[in-house]
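Here are the chains, one letter per residue:
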Amino acid sequence: MDLGLKGRNAVVLGGTRGIGRAIAATLAGEGAGVAVCARNAEQVAAGVAELKAAGVRATGEAVDITDGAALKSWITDVATELGSIDMLFSNAGAMAQGGDPASWEQNFRLDVLGAVNAFEAARPFLEASGEKTGDAAFVIISSISAAQADRAGSYGPIKAALVHMAKGLARQYAAKKVRVNVVSPGTVYFKGGVWNMVEQNAPKMYQDALARNPTGRMATPQEIASAAVFLASPISSFTTGSNLVVDGAISNRVNF
């Protein structure tokens with residue numbers, strides 16, 4: 001299926017590993033220009049090289065997403081370099097699991113303020129894209145942990161805040177043709193990722209997590225990326241304010 005992304009440009013926060021890397025590669029495969037950022041400069045350079053090898057315009061920079069000024073400056077530079085920002089993906093996450101103040105702050109600064117600052121910087125360019133093409137998109141990667149709690153912690157509530165924020169932005173900017181949606185994954189496995197580390201260091205915990213999912217496995221980054229890119233594409237032009245759960249039925253919630 002042609003998603004109608006040729007000639008469009010996207011910014012992907014946390015675009016060098018796991019879900020973010022898969023999002024960037026999927027966009028490139030659809031013919032979109034891509035800008036990625038992450039903290040590791042070597043990974044950014046490697047990611048940009050891969051994207052360029054796919055035959056699209058690509059750029060990237062090592063950016064600390066918790067540094068609001070640096071993030072905004074980079075996004076503005078990307079708009080100038082690529083000529084537009086038609087899609088924004090907020091994928092970076094601190095992944096702090098604790099309930100202590102430091103974990104709350106870490107998750108809030110990266111997950112929430114990162115998304116807030118990125119959207120604030122990209123908004124005028126997204127609005128311009130919406131006016132020109134009739135459709136621009138902001139997609140946030142949250143987590144099914146937003147909807148369930150086995151114990152007190154900072155991770156789930158922070159992810160829930162992103163879902164709430166997205167709904168408000170969707171309504172606020174609908175008239176500007178800027179859509180805002182969320183993808184909430186369940187457990188996602190890739191080499192070097194969280195669940196790979198759990199598999200190596202806490203095998204029983206890993207097996208228990210597998211057993212909780214009726215599919216008997218975890219998602220691949222590509223399965224989450226496919227959902228995110230679909231939501232950002234003109235194919236989904238009437239979908240906004242939605243939270244798409246992609247968890248293999250690991251949760252028992254009913255999405256009315």
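Above this note sits the structure.
Just so you know, these numbers come straight off a predicted model, no measurement behind them. (Residues numbered from 1 in each chain as written. Predicted model: local features only at pLDDT ≥ 70, side-chain atom pairs only at ≥ 80, totals over all residues. Heavy atoms only, no water.)

### Brief notes about the environment of Gly18
Logical step 1: On the secondary structure map, Gly18 appears in helix α1 (residues 18-29).
Logical step 2: Accessibility expressed as a relative area gives 12% for Gly18, which makes it buried.
Logical step 3: With residues near it in sequence (within four places) discarded, Gly18 still touches Phe190 and Pro221. (Helix = DSSP H or I, 4+ residues; strand = E, 2+ residues; numbered from the N terminus. Buried < 20%, exposed > 50% of the residue type's maximum accessible area, 1.4 Å probe, protein only. Contact = heavy atoms within 4.5 Å.)

### Let's talk about a nonpolar patch on the surface
Logical step 1: There is a patch of nonpolar side chains on the surface, built from Met1, Phe230 and Ile235 and spanning about 330 Å² of accessible area.
Logical step 2: Its place among the elements puts Met1 in the segment before β1 (9-13). (Patch = residues over 30% accessible without salt bridge, like charges linked within 9 Å, V, L, I, M, F, W, Y side chains within 5 Å. Areas by Shrake-Rupley, 256 points an atom, 1.4 Å probe, with all protein chains shown as cover. Salt bridge = Lys/Arg side-chain N within 4 Å of Asp/Glu carboxyl O.)

### Quick word on the side chain of Thr66
Logical step 1: Turning to its location among the elements, Thr66 is positioned in the loop between β3 (58-62) and α3 (68-82).
Logical step 2: Side-chain polar atoms of Thr66 contact the side chain of Asp64, separated by 2.6 Å.
Logical step 3: With residues up to four places along the chain from it excluded, the contact list for Thr66 reads Arg39, Arg109 and Leu110. (Polar contact = N/O pair within 3.5 Å; in protein donor to acceptor, adjacent residues only side chain to side chain.)

### Re the environment of Asp111
Logical step 1: When you line up the elements, Asp111 lands in helix α4 (residues 101-133).
Logical step 2: Separated by 50 residues in sequence, Asp111 and Ala161 place their C-alpha atoms 9.4 Å apart.
Logical step 3: Leaving out residues up to four positions away in the same chain, Asp111 has contacts with Ala92, Gly93, Ala94, Ile158, Lys159 and Leu162.
Logical step 4: Looking at Asp111, its side chain comes within polar contact range of the main-chain nitrogen of Ala94, at 2.9 Å.

### Digging into the pattern of salt bridges
Logical step 1: A full pass over the atoms with the stated rule returns nine salt bridges.
Logical step 2: Salt-bridge contacts for Glu50 lead to Arg21; the nearest nitrogen and oxygen are separated by 2.6 Å. Placement of Glu50 in helix α2 (residues 41-53) and of Arg21 in helix α1 is noted, with a sequence separation of 29 residues between them.
Logical step 3: Residue classification places Arg21 among the partly exposed positions, given a relative accessible area of 41%.

### Things to note about the packing of aromatic side chains
Logical step 1: Evaluated as defined, the whole model comprises three aromatic pairs.
Logical step 2: Both rings, one in Phe119 and one in Tyr173, keep their centres 5.3 Å apart while their planes meet at 65 degrees; by these two values the pair is edge-to-face. Taken together, the residues Phe119 in helix α4 and Tyr173 in the loop between α5 (155-172) and β6 (178-185) connect sequence positions 54 residues apart. Both residues of the pair, Phe119 and Tyr173, count as buried.
Logical step 3: Ring geometry for Tyr189 against Tyr206: centres 6.0 Å apart, planes inclined by 55 degrees, an arrangement best described as tilted. Of the two residues, Tyr189 is situated in the loop between β6 and α6 (194-201) and Tyr206 in helix α7 (residues 203-212); the sequence distance between them amounts to 17 residues.
Logical step 4: Look at Tyr206 and you get buried, because its relative accessible area is 9%.
Logical step 5: Aromatic ring contacts, followed pair by pair, group Phe119, Phe138 and Tyr173 into a single cluster. (Phe/Tyr/Trp six-rings, centres within 6.5 Å; stacked < 30°, edge-to-face > 60°.)

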